[in-house]
Amino acid sequence: MSALAVSDGGMLRVAPLVPLLPLAGAVLVGVLGPRLLKGASHWPVILGIAGALAASGVLLGTVATMPHDRRDVFERSYHLYSW
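Model, not experiment: these values are computed from the prediction. (Residues numbered from 1 in each chain as written. Predicted model: local features only at pLDDT ≥ 70, side-chain atom pairs only at ≥ 80, totals over all residues. Heavy atoms only, no water.)

**Here we look at the nonpolar core**
Thinking step 1. Residues Met11, Val14, Ala55, Leu59 and Met66 constitute the largest nonpolar core, which totals five residues.
Thinking step 2. At the level of elements, α1 (10-14) and α3 (42-64) are the ones that each hand at least two residues to this core. (Core = buried A, V, L, I, M, F, W, Y, C linked by side-chain atoms within 4.5 Å. Buried < 20%, exposed > 50% of the residue type's maximum accessible area, 1.4 Å probe, protein only. Helix = DSSP H or I, 4+ residues; strand = E, 2+ residues; numbered from the N terminus.)

Below is the structure:
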């Protein structure tokens, strides 16, 4: 079984990285940029975006290779707020 199997919660571990990696890069630049990073302030953000792209690719590959009978996991919805 692969490390990103749905039964192991693999996608749930990778999915939060998609928005969090670019955010972490932006926060790092905001905190350290002017003093420490100076002219290289763009690198943490670029690396965060590249990491989010890689995590998205892993998720896409996991979903694309998932058997059709296991895709019912995506039919669940969670209502956090109702108008």
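**A short note on unusual backbone geometry**
Thinking step 1. One non-glycine residue with positive phi stands out, namely Lys38, at about 45°.
Thinking step 2. The residue Lys38 is located in the loop between α2 (17-37) and α3 in this model.

**Let's talk about the side chain of Ser41**
Thinking step 1. Of note, Ser41 is situated in the loop between α2 and α3.
Thinking step 2. Assessed through its relative accessible area of 18%, Ser41 is described here as buried.
Thinking step 3. Not counting residues within four places of it along the chain, the set of residues in contact with Ser41 comprises Val29 and Gly33. (Contact = heavy atoms within 4.5 Å.)

**Considering α3**
Along an α-helix, a turn takes 3.6 residues, which lines up residues three or four apart on a common side.
Thinking step 1. Between its first and last C-alpha atoms α3 spans 33 Å; for 23 residues at 1.5 Å apiece the expected length is 33 Å, and the two agree.
Thinking step 2. Within α3, the full set of buried residues consists of Pro44, Gly48, Ala52, Ala55, Leu59 and Thr62. (Expected span 1.5 Å × (residues − 1).)

**Let's talk about the packing of α2 against α3**
Thinking step 1. Where α2 meets α3, the axes come as close as 7 Å, and the angle between the chain directions of the two elements is 170°. In this view, α2 runs roughly antiparallel relative to α3, as classed from their interaxial angle. Along the contact surface, α2 presents Leu17, Val18, Leu21, Pro22, Gly25, Ala26, Leu28, Val29 and Leu37, while α3 presents Pro44, Val45, Gly48, Ile49, Gly51, Ala52, Ala55, Ser56 and Leu59.
Thinking step 2. When the residues that make up the contact of α2 with α3 are grouped by side-chain class, the tally is 14 nonpolar, four polar and no charged. (Axes fitted to C-alpha atoms, helices over the stretch in contact; angles between N-to-C directions. Parallel < 35°, antiparallel > 145°, perpendicular 65-115°, else oblique. Nonpolar A, V, L, I, M, F, W, Y, C, P; charged D, E, K, R; others polar.)

**Things to note about a nonpolar patch on the surface**
Thinking step 1. A grouping of Leu20, Leu23, Val27 and Val31 is seen on the molecular surface, where their side chains present a nonpolar patch of about 350 Å² in accessible area.
Thinking step 2. Inspection of the secondary structure puts Val31 in helix α2. (Patch = residues over 30% accessible without salt bridge, like charges linked within 9 Å, V, L, I, M, F, W, Y side chains within 5 Å. Areas by Shrake-Rupley, 256 points an atom, 1.4 Å probe, with all protein chains shown as cover. Salt bridge = Lys/Arg side-chain N within 4 Å of Asp/Glu carboxyl O.)

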